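# Inside the fold
Each chain, letter by letter, is given below.
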Amino acid sequence: MRVHEHPILGQSEPESISIYFDGKPIPAVEGEPIAAALIAAGVRVLRHTEKSGRGRGIFCGIGRCNDCKMIVDGVPNTRTCVTPAHDGMRVETQYGLGRGSCHE
Amino acid sequence: MNKAQIAVIGAGPAGLSAALEAARAGAQVTVIDENRKPGGQLFKQIHKFFGSRQHQAGTRGFAIGQGLLRDCEELGVSVQLGYPALGIFPDGRVVFNTAQGVRSLFAQRIILATGANENNLYFEGSDLPGVMTAGAAQTMINEHRVLPGQRVLMVGTGNVGLIISYQLLQAGAEVVALVEAAPQIGGYAVHASKLRRAGVPIYTSRTIHRAIGEKTVEGVELVALNEHFQPVPGTGEILCADTVCMAVGLSPMVELAALAGCQMTHIPALGGTIPLHDKNLCTTNPMVYVAGDIAGVEEASTAIEEGRLAGIAAARSLGLGDDGRQQAVQERLLALRSGEFGAKRQQAKEDILRTFKEAMA
Ligand code: FES
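We now examine the overall build of chain A. If you tally the helices and strands in chain A, you get two helices and eight strands. In sequence order, chain A lays out its α and β elements as β-β-α-β-β-β-β-β-β-α. Relative to a compact globule of 104 residues, whose C-alpha radius of gyration would be 13 Å, chain A shows 14 Å and is just as compact. Its C-alpha atoms give chain A principal-axis dimensions of about 45 × 25 × 20 Å. Taking all 104 residues of chain A together, 50% fall into the buried category. The long-range share in chain A, meaning contacts at least 24 apart out of those at least 6 apart in sequence, stands at 44%. Accessible surface, chain A as shown: approximately 5,100 Å² in total, 50% of it carbon and sulfur. Here chain A holds 12 positive side-chain charges and 12 negative ones, and the gap between their average locations is 12 Å.

Structure follows, in structure tokens:
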């Protein structure tokens, strides 16, 4: 959910672009982290771990922990909390190390 | 960009302040930071700062950040963003990554202002999506303007936990409770009472036992702790929550200082392992200075003053600027480290000084 009105920060920037999450278009603000757009759209599971397959979502939010890695425009292991969103970007849930899509 | 008199690593409040003072003294300064945006954590701080007017009390963090950036630009400080520092060589070479590959910068003095990492806790379900650091939630609400969840449990009641809980309320989330393992609240009473007035319960001697949920957090189980911090059987209580935020302390990011051969000490009151430093923030490697949370976790206002001090001192060691300014900054630091909470940090800082002197003797 977006915080459109804020008592101190005022109004937020409007969503003006779309990115594709596992093929579905979701609205985003140009340049915001991909993870922010996904969270705003209610997406919380960003990847599944290699060994147990358990889901992971954002954890540190500043590029330290790697929990938010996804496949972005075909590139696996992209930290979505620090990667800016651009119009038309394709973002996919990553399974394990995301090798599959690299070799497709 | 392959030479600088002074290289500053980290463009947060400490690093920018260090760069400013060094540039004011006439040094040629380059700042590098791994983030694409400067300011460190300052731009997420939407609350007004405490302290006296000299410490910019009453000013919100992001406004302080904007001021620092403007001054840096005016003084011709080169701020290079998106470059994670990889290491430091004994000859003063700072190695960092760029989109074009690994590059280096030769500097006569290096000021490390790398900040701190958030600590975390392990419990059943702590890997579920919805469990995150308090800083992650703060980044999402204040910087990116999205709510990471609707019903939040905050773990930890230091100032970070208290302030971010209030900011979550401001952003429209519900904070279901704060839990604190210790028998008393860790942070300032003013912050805690704002939350209480808003009807948010703060439970001491209690912690999170587990996060419950199939794919993401759907609930939390709390448990009471005895005086030995052990769970009391039969006290489990389940709350409905979709987000768990952890505000359980910060640890200085000392890796680069370790690579530079700086001797370390361990001071729990300041966050753990810290590079030894003298009163001007020079480490046991005379080329390397530290400032801000890497020199002991405190607050943005102390980070700014420490940055200034390190900037002035590093420039002085190269024969630039004059001594006059140092004293005034040291006095302001002393003022920031007074009072009930500050005195402990002042004591810890004095312990570091003593250990530094022993190490250099
Ligand atoms: S959430 Fe930790 S790296 Fe993105």
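From this point on, the discussion continues.
What follows is about the layout of surface pockets. All names here are of chain B. Considered as a void within the structure, the second largest pocket measures approximately 280 Å³ in volume. Along the wall of the second largest pocket there are 15 residues; nearest its centre are Lys279, Arg337, Gln346, Lys349 and Leu353. Elements that contribute at least two residues to the lining of the second largest pocket include exactly helix H7 (300-317), helix H8 (324-336) and helix H9 (339-360). For the lining of the second largest pocket, the element with the highest residue contribution is H9, accounting for five residues.

Turning our eyes to something else, we now look at the domain arrangement of chain B. All names here are of chain B. For chain B, the assigned domains are domain 1 (2-117 + 250-360) and domain 2 (120-246). Distance from the C-alpha centre of domain 1 to the C-alpha centre of domain 2: 31 Å. Facing nine residues of domain 1, the contacting portion of domain 2 comprises 13 residues. The partner of Glu143 in a salt bridge is Lys37, with the nearest N and O atoms 3.9 Å apart. Taken together, domain 1 and domain 2 are joined by one residue pair in polar contact (both at pLDDT 80 or more). Residues of the side of domain 1 that touches domain 2, tallied by class, amount to three nonpolar, two polar and four charged.

Residues and elements named next belong to chain B. Here four bridges tie strand S17 (residues 264-267) to strand S18 (residues 272-275), and the two strands are oriented antiparallel to one another. Each residue of the ladder has a partner; that of Thr265, found in S18, is Ile274. Between S17 and S18, which pair antiparallel in sequence order, lie four residues; one of them, Gly271, sits at a positive phi of approximately 105°.

Once that is clear, we can look at the interface of chain A and chain B. Taken together, the contact between chain A and chain B spans 32 residues of the former and 36 residues of the latter. Each partner contributes to the roughly 2,800 Å² buried at the junction of chain A and chain B, and carbon and sulfur atoms together form 57% of this total. Across the pair Arg56 of chain A and Asp127 of chain B runs a salt bridge whose closest N-O atoms are separated by 2.9 Å. Remark: the boundary between chain A and chain B carries 13 residue pairs in polar contact (both at pLDDT 80 or more). Those elements that place two or more of their residues in the side of chain A that touches chain B are helix H1 (34-40) and strand S4 (55-56) of chain A. Among the elements that make up the side of chain A that touches chain B, the one with the highest residue count is H1 of chain A (three residues). Of the residues in the side of chain A that touches chain B, the class split is 16 nonpolar, nine polar and seven charged.

Now for the packing of helix H1 (residues 13-24) of chain B against H7 of chain B. Residues and elements named next belong to chain B. The geometry of H1 relative to H7 is characterised by a closest axis approach of 7 Å and an angle of 35° between their N-to-C directions. Along this stretch, H1 crosses H7, giving a crossing that reads as right-handed. Together, Pro13, Ala14, Ser17, Ala18, Glu21 and Ala22 of H1 and Ala300, Ala303, Ile304, Gly307, Arg308, Gly311, Ile312 and Ala315 of H7 make up the contact between the two elements. Of the residues that constitute the contact of H1 with H7, the class distribution is nine nonpolar, three polar and two charged.

So, about the sheet that holds S4 of chain A. All names here are of chain A. Read from one edge of the open sheet, three strands run S4-S3-S8, paired in mixed fashion. Edge strands, defined here as strands with exactly one partner in the open sheet, are S4 and strand S8 (94-95). Across two bridges, strand S3 (residues 47-48) lies against S8 in parallel orientation. Across the sheet, residue Arg47 finds its bridge partner in S8, namely Gln94.

Taken as a whole and judged by the stated rule, the model has 21 salt bridges over all chains. The partner of Arg54 of chain A in a salt bridge is Asp127 of chain B, with the nearest N and O atoms 2.7 Å apart. Here Arg54 of chain A is found in the loop between S3 and S4, whereas its partner Asp127 of chain B is found in the loop between strand S7 (116-118) and strand S8 (131-133) on a different chain. For Arg354 of chain B, the salt bridge is made with Asp351 of chain B, and the minimal N-O distance between the two is 2.5 Å. Of the two residues, Arg354 of chain B and Asp351 of chain B are both situated in helix H9; the distance of three residues between them amounts to about one turn of the helix.

Time to look at the packing of H1 of chain B against helix H2 (residues 61-74) of chain B. Residue and element names in this part refer to chain B. One way to put it is that H1 packs onto H2 with a least axis distance of 10 Å and a crossing angle of 30°. Judged on the interaxial angle alone, H2 and H1 are roughly parallel. Of the two elements, H1 crosses H2, and the hand of that crossing is left-handed. Packed against H1, whose contacting residues are Pro13, Leu16, Ser17, Leu20 and Arg24, the element H2 presents Leu68, Leu69, Asp71 and Cys72 at the interface.

Residue and element names in this part refer to chain B. In terms of residue burial, strand S13 (residues 219-224) counts as a mostly covered element, since six of its six residues are buried. Of the two faces of S13, the one lined by Gly219, Glu221 and Val223 and the one lined by Val220, Leu222 and Ala224 are each fully buried. As paired strands, strand S12 (residues 206-212) and S13 are joined by six bridges and run antiparallel to one another. Across the sheet, the residue bridging to Ile208 is Leu222, located in S13. Pairing between S13 and strand S14 (residues 237-240): four bridges, direction antiparallel. The partner of Glu221 across the bridge, within S14, is Ile238.

About the thresholds
Residues numbered from 1 in each chain as written. Chains lettered and ligands numbered in written order. Predicted model: local features only at pLDDT ≥ 70, side-chain atom pairs only at ≥ 80, totals over all residues. Heavy atoms only, no water. Helix = DSSP H or I, 4+ residues; strand = E, 2+ residues; numbered from the N terminus. Rg over C-alpha atoms; globule rule 2.2 N^0.38 Å. Buried < 20%, exposed > 50% of the residue type's maximum accessible area, 1.4 Å probe, protein only. Contact = heavy atoms within 4.5 Å. Areas by Shrake-Rupley, 256 points an atom, 1.4 Å probe, with all protein chains shown as cover. Lys, Arg positive; Asp, Glu negative; His and termini not counted. Charge placed at Lys NZ, Arg CZ, Asp CG, Glu CD. 1 Å grid on protein atoms, 1.4 Å probe; cavity = no way out; pocket = protein on both sides within 12 Å on 5 of 7 lines; lining within 4 Å. Points joined across faces, edges and corners; volume = space filled by probe spheres on them. Domains from an automatic or database assignment. Salt bridge = Lys/Arg side-chain N within 4 Å of Asp/Glu carboxyl O. Polar contact = N/O pair within 3.5 Å; in protein donor to acceptor, adjacent residues only side chain to side chain. Nonpolar A, V, L, I, M, F, W, Y, C, P; charged D, E, K, R; others polar. Pairing = 2+ DSSP bridges. Buried area = accessible area lost by both parts, 1.4 Å probe. Axes fitted to C-alpha atoms, helices over the stretch in contact; angles between N-to-C directions. Left-handed = near helix turned anticlockwise from the far one by under 90°. Parallel < 35°, antiparallel > 145°, perpendicular 65-115°, else oblique.

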